[in-house]
Amino acid sequence: MKVEVMGSDQRVVRCARVSFGKDEAVDEKRDKRLIRYLYTHKHASPFEHNIVAVEGDKRLWLSILDRLENPSVQVYFSGGYLWLNLRSFINSSEHFPKEIYEVLRDKFPTIWSVVESGGRLTDEELDKLPYTLDSVFLREKIETSSGWVGLVDKLELGTDMDYYTFIVECPLFVARQWHRHRFGSYNEISRRYTAYDIKFYVPQVLRKQAKSNKQASVDEPVDEPYNSEFLDRISKLVEGAMELYEEMTEREVARELARGVLPQFMKTRYYWTVPRIALDNFITLRTHEGAQKEIREFAEAIRDMVEYRGTDKKNRL
Ligand SMILES: Cc1cc2nc3c(=O)[nH]c(=O)nc-3n(C[C@H](O)[C@H](O)[C@H](O)COP(=O)(O)OP(=O)(O)OC[C@H]3O[C@@H](n4cnc5c(N)ncnc54)[C@H](O)[C@@H]3O)c2cc1C
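These numbers come from a predicted model, not from an experiment.

On to the overall build of the protein, then. Broken down by element type, the protein carries twelve helices and eleven strands. A compact globule built from 317 residues should have a C-alpha radius of gyration of about 20 Å, and the protein, at 22 Å, falls within 12% of that. Projected onto its principal axes, the C-alpha positions of the protein cover 70 × 50 × 35 Å. Looking at the 317 residues of the protein, the share that counts as buried comes to 35%.

A few words now on the domain arrangement of the protein. The domain architecture assigned to the protein consists of domain 1 (3-128) and domain 2 (137-317). Counting residues at the interface gives 22 residues for domain 1 and 23 residues for domain 2. Counting residues per element, the ones that place at least two in the side of domain 1 that touches domain 2 are β1 (3-6), α1 (9-17), β2 (51-55), β3 (76-78) and β4 (81-85). Tallying contributions element by element places β4 first for the side of domain 1 that touches domain 2, with three residues. Here the side of domain 1 that touches domain 2 is composed, by residue class, of eleven nonpolar, eight polar and three charged.

Here the focus is the sheet that holds β4. With respect to topology, four strands assemble into an open sheet ordered β1-β2-β4-β3, the strand pairing being antiparallel. The sheet is open, and its two borders are formed by β1 and β3, each paired with just one other strand. Within the sheet, the average angular offset between the axes of one strand and its neighbour, ignoring direction, is 25 degrees. Inspection of the sheet shows β3 paired to β4 by three bridges, in the antiparallel sense. Paired with S78 across the bridge in β4 is Y81.

Now for the site of the ligand. Near the ligand you find R180, H181, R182, F183, A278, N281, L285, G290, A291 and N315, and these make up its full shell. The class makeup of the residues in the shell around the ligand is four nonpolar, four polar and two charged.

Along the polypeptide, K211 turns up in the loop between β9 (207-209) and β10 (217-221). Distance in space between the C-alpha atoms of K211 and N70 is 50 Å, their sequence separation being 141 residues.

Packing of helix α2 (residues 28-40) against helix α6 (residues 109-116) brings their axes to within 10 Å, and their N-to-C directions diverge by 40 degrees. Relative to α6, the element α2 is oriented oblique. Along this stretch, α2 crosses α6, giving a crossing that reads as right-handed. The segment α2 lies against α6, with K32, I35, R36 and Y39 engaging T110, I111, V114 and V115. Here the residues of the contact of α2 with α6 are counted per class, giving five nonpolar, one polar and two charged.

Turning our attention to the sheet that holds strand β8 (residues 185-188). As a general point, the strands of a sheet are linked pairwise by backbone hydrogen bonds and lie either parallel or antiparallel. Pairing is antiparallel in the open sheet, where five strands are placed in the order β5-β6-β7-β11-β8. At either margin of the open sheet sits one strand with a lone partner, and together these are β5 (140-144) and β8. Taken pair by pair, the neighbouring strands of this sheet meet at an average axis angle of 20 degrees, ignoring direction. Where β8 lies against strand β11 (residues 267-275), four bridges are found, and the strand directions are antiparallel. By the bridge assignment for β11, S185 is matched with T273.

This part covers the nonpolar core. Core analysis: the largest hydrophobic core is formed by 61 residues, its most contacted members being V12, V52, F166, V168, Y270 and F298. Per element, the largest residue contribution to this core is six residues, and it comes from strand β7 (residues 163-171). Summarising the domain contributions, this core has at least three residues from each of domain 1 (3-128) and domain 2 (137-317).

Of all five residues in β4, five are buried, a share of seventy percent or more. Burial of β4 is two-sided: the residues Y81, W83 and N85 facing one way and the residues L82 and L84 facing the other way are all buried. Relative to β4, β2 is paired through five bridges, and the arrangement is antiparallel. Bridged to I51 within β4 is N85. The hairpin turn running from β3 into β4, its antiparallel successor, is two residues long, and G79 in that turn takes a positive phi close to 60 degrees.

Let us look at helix α11 (residues 276-287). With twelve residues, α11 should reach 16 Å at 1.5 Å per residue; the first-to-last C-alpha distance of 16 Å fits that figure. Those residues of α11 that fall on the buried side of the exposure criterion are R276, I277, A278, L279, D280, F282, I283 and R286. Elements in contact with the buried residues of α11: β7, β11 and α12 (293-306).

What counts and what doesn't
- Residues numbered from 1 in each chain as written.
- Predicted model: local features only at pLDDT ≥ 70, side-chain atom pairs only at ≥ 80, totals over all residues.
- Helix = DSSP H or I, 4+ residues; strand = E, 2+ residues; numbered from the N terminus.
- Rg over C-alpha atoms; globule rule 2.2 N^0.38 Å.
- Buried ≥ 20, exposed ≤ 12 C-beta atoms within 10 Å, placed from the backbone.
- Domains from an automatic or database assignment.
- Contact = placed C-beta atoms within 7 Å.
- Nonpolar A, V, L, I, M, F, W, Y, C, P; charged D, E, K, R; others polar.
- Pairing = 2+ DSSP bridges.
- Axes fitted to C-alpha atoms, helices over the stretch in contact; angles between N-to-C directions.
- Near = placed C-beta within 6 Å.
- Parallel < 35°, antiparallel > 145°, perpendicular 65-115°, else oblique.
- Left-handed = near helix turned anticlockwise from the far one by under 90°.
- Core = buried A, V, L, I, M, F, W, Y, C linked by C-beta atoms within 7 Å.
- Expected span 1.5 Å × (residues − 1).

Here you go:
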């Protein structure tokens, strides 16, 4: 039975550590303990970025669906493979052929041992386990006017469910639009945990409001002197907000409240793991001229990295 995977032990750790902006750090000993902690405390979303594709036909898929009693498990069938993320696999593993476990033991040795032990491995047992790392941090990175997007990994088997993981750094208002794309998984920096690396996007020019479309802009700067004056005031506002934030956190105001003064121009950072059919849908919707310029630039960058395959055309709605 052919089993393909995307990710590693470290991938889950990276997606968990992005919460405090430390996703690039590797410390095998602590990473393994973190995996055990995530598993035993049901911090499950980082496990969604590791993907399992099991070669099989619709009969195998239907037989698994038939036995599933947990309605939250998501197993998809596309192009001769059953597709699921590691969270869904862990929640339904008893229904899959046992030979798949061997592949997971090889590709995600720490995670799979933690799962098989029910999270009961001791520190000494964890220390002895192999641990798999990502071979590169980013395969490719493209800057946009308001941030950047990087390709972490992809699993391409020529199906509508091929999977991709990206890291995105963008302003909060772009992230809010992006997170409406629900078919996929996200793990994001948490401003409750960390004041690490707070950055802001300040546009080069302020675009005018479109007259024909209530939610759009036109590619024309606001008249001078207002453009320069407002940009100057935005910079001062951002500086002032940051000063207040720092003063408050130094005086023990909780970060989860202090962050309320930071404007929407603040950047956030997240991992996004997405199947091809939802990625193509994102590219279609967000490269469209009706989409906001800032998110359009991200969608164009993603299209440049992994192309558009048109799989979303299967959806009528
Ligand atoms: C120009 C523009 C303006 C927008 N303006 C607004 C706005 O003013 N307010 C606002 O709230 N949103 C707005 N949106 C967001 C928009 O409504 C969608 O939520 C967003 O584009 C994500 O699209 P999606 O649901 O197709 O993607 P995903 O959530 O990634 O879904 C991918 C596909 O999976 C299927 N799917 C996913 N979830 C479900 C479900 N629950 N039921 C059935 N099928 C599902 C569908 O086939 C869908 O196409 C705007 C989007 C654009 C591009």
